[in-house]
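# Residue-level structure breakdown
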Amino acid sequence: TRQPMNATSAVARAVAIAVTRGDFVITAQELAELQAADGATSLGDVLQTIVECVKAHARPPTSGFNVGAAALGASGAVYLGVNVELNAVPLNHSIHAEQFALVTAMASDERKIVMISTTAAPCGHCRQFMNELRDASELRCVMPSGSWTLAELLPHSFGPLDLLDETSASREGLLLEERSSNVRDGVTVWDMRACISGDGIPEDAVPRRVDEILESNASLRALTEQSHSAFAKAYAPYSKSPAGICARTSCGEEFRGWSLESAAYNPSMSPFQCLTARMVARGKDLASIECVVLTELHGAPVKYECTVRLALAQVAPNAHLIVVNYHDAQ
């Protein structure tokens, strides 16, 4: 059902406000007002109109194909997403609109997604990534051609419970759910023992307290603290290799990202991809990145330093990268 022009204009304004705010979120109250403006329009139609409006903010220099996504949370808020491709960087660094929307939801501490609307049918990559959600089979997926549950779009699926037992999945939580931190309770970044490498940091193979290593570097301490909080937020139930990142731009703004794993591995998101989504939501140019702190685990089976360096070399070649390798996160 096509929405009338006045309702479409109201949705366009709501999307513009969410983009201008930089949170890429239409609040529950704003959504209720959109629905009240035209009570004859279904929620799915409203989400489809939102998608058509937000896709203008996609950044697809390679494909030229703009995709938008709008994920409805149990809270009533709608989390927006667009596809992002990085010029001169391998395609597996791209961010799909559905992934972007779930990062937006996670940044807002949403715990459950009940419906997602997209510009076109979700690709297999995204169907698999969304399968990380609790009760993913019941997730309603709305697109121009109709509406189906994720179970209908991804039958006979492989998911979290193929790699995790129900007890650990319940205890540790699935994607978006409240989970135990990747750091011991009561332990701050300054208590951690680590080896830190990068510009301006003397090389030292012996792990020391982060507080001691960065004692006289106030600027780097602030970035490291934010990177640590992103590390604690990471979702890495399969490899047990959480990672967090924080970037500071030329304007002095700081943005965080965290690793998000998929049971199928390849649809997983690196912390740099999540960081990219957060910067795009604020309308920022990745070329403005000046300094990055990546936090990961020493000896982890999955490491992100190499992929972060590869991406930075193309999008922000003059940026400084500092890598913090924790020796005792758990």
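The following refers to the structure shown. (Residues numbered from 1 in each chain as written. Predicted model: local features only at pLDDT ≥ 70, side-chain atom pairs only at ≥ 80, totals over all residues. Heavy atoms only, no water.)

## Concerning the sheet that holds strand β7 (residues 193-198)
Backbone-to-backbone hydrogen bonds join strands into a sheet, with any given pair of strands oriented parallel or antiparallel. The line we're drawing: Strand pairing is defined by DSSP finding a minimum of two bridges between the two strands. Helix and strand assignments come from DSSP, with helices taken as H or I runs of at least 4 residues and strands as E runs of at least 2, each series counted from the N terminus. For this analysis, residues touch if any pair of their heavy atoms sits within 4.5 Å. Axes here refer to lines fitted to C-alpha atoms; in helices the fit is confined to the stretch in contact. Angles between the N-to-C directions go from 0 to 180 degrees.
The sheet built from six strands is open, its strands ordered β8-β7-β12-β11-β9-β10 with mixed pairing. Each end of this open sheet is capped by a strand with a single partner; those strands are β8 (208-209) and β10 (254-258). Pairing of strand β9 (residues 244-249) with β10 involves five bridges; the strand directions are antiparallel. Residue pairing across strands places Ala-247 opposite Phe-255, the latter belonging to β10. Running at roughly 170° to strand β12 (residues 320-326), helix α12 (residues 305-315) makes contact with β9, β11 (289-297) and β12 of the sheet.

## Here we look at the side chain of Asn-182
Operational definition: Only protein chains enter the accessibility calculation, which uses a 1.4 Å probe; a residue whose area is less than 20% of its type maximum is buried, one above 50% is exposed, and one in between is partly exposed. Any N or O atom pair separated by 3.5 Å or less is treated as a polar contact, with the protein-specific requirement of one donor-capable and one acceptor-capable atom, and with residues adjacent in sequence counted only for side-chain atom pairs.
Looking at the element boundaries, Asn-182 is found in the loop between α8 (166-172) and β7. Owing to a relative accessible area of 13%, Asn-182 belongs among the buried residues under this scheme. Among the polar contacts made by the side chain of Asn-182, one reaches the main-chain carbonyl oxygen of Phe-231 at a distance of 2.8 Å. A polar atom in the side chain of Asn-182 sits 3.0 Å from the backbone oxygen of Ala-234.

## Structural notes on the nonpolar core
Going by this rule: The definition of a nonpolar core used throughout is a set of buried Ala, Val, Leu, Ile, Met, Phe, Trp, Tyr and Cys residues joined through side-chain atoms within 4.5 Å.
One finds Ile-50, Leu-80, Leu-260, Phe-272 and Ile-289 to be the most contacted residues of the largest nonpolar core, which totals 89 residues. The contacts of Ile-50, once residues within four sequence positions are left out, are Val-11, Val-15, Ile-26, Ala-70, Val-78 and Leu-80. Counting 20 residues, the second largest nonpolar core, distinct from the first, contains Trp-190, Val-210, Leu-214 and Cys-246.

## Comments concerning helix α3 (residues 43-54)
Because the α-helix completes a turn every 3.6 residues, residues three or four places apart line up on one side. Applied cut-off: What a helix is expected to span follows from its residue count: subtract one and scale by 1.5 Å.
An ideal rise of 1.5 Å per residue puts 16 Å on twelve residues; α3 measures up with 17 Å between its terminal C-alpha atoms. Within α3, nine of the twelve residues are buried, which leaves the element mostly enclosed by the surrounding structure. Along α3, the positions that sit buried rather than exposed are Gly-44, Asp-45, Val-46, Leu-47, Gln-48, Thr-49, Ile-50, Val-51 and Val-54.

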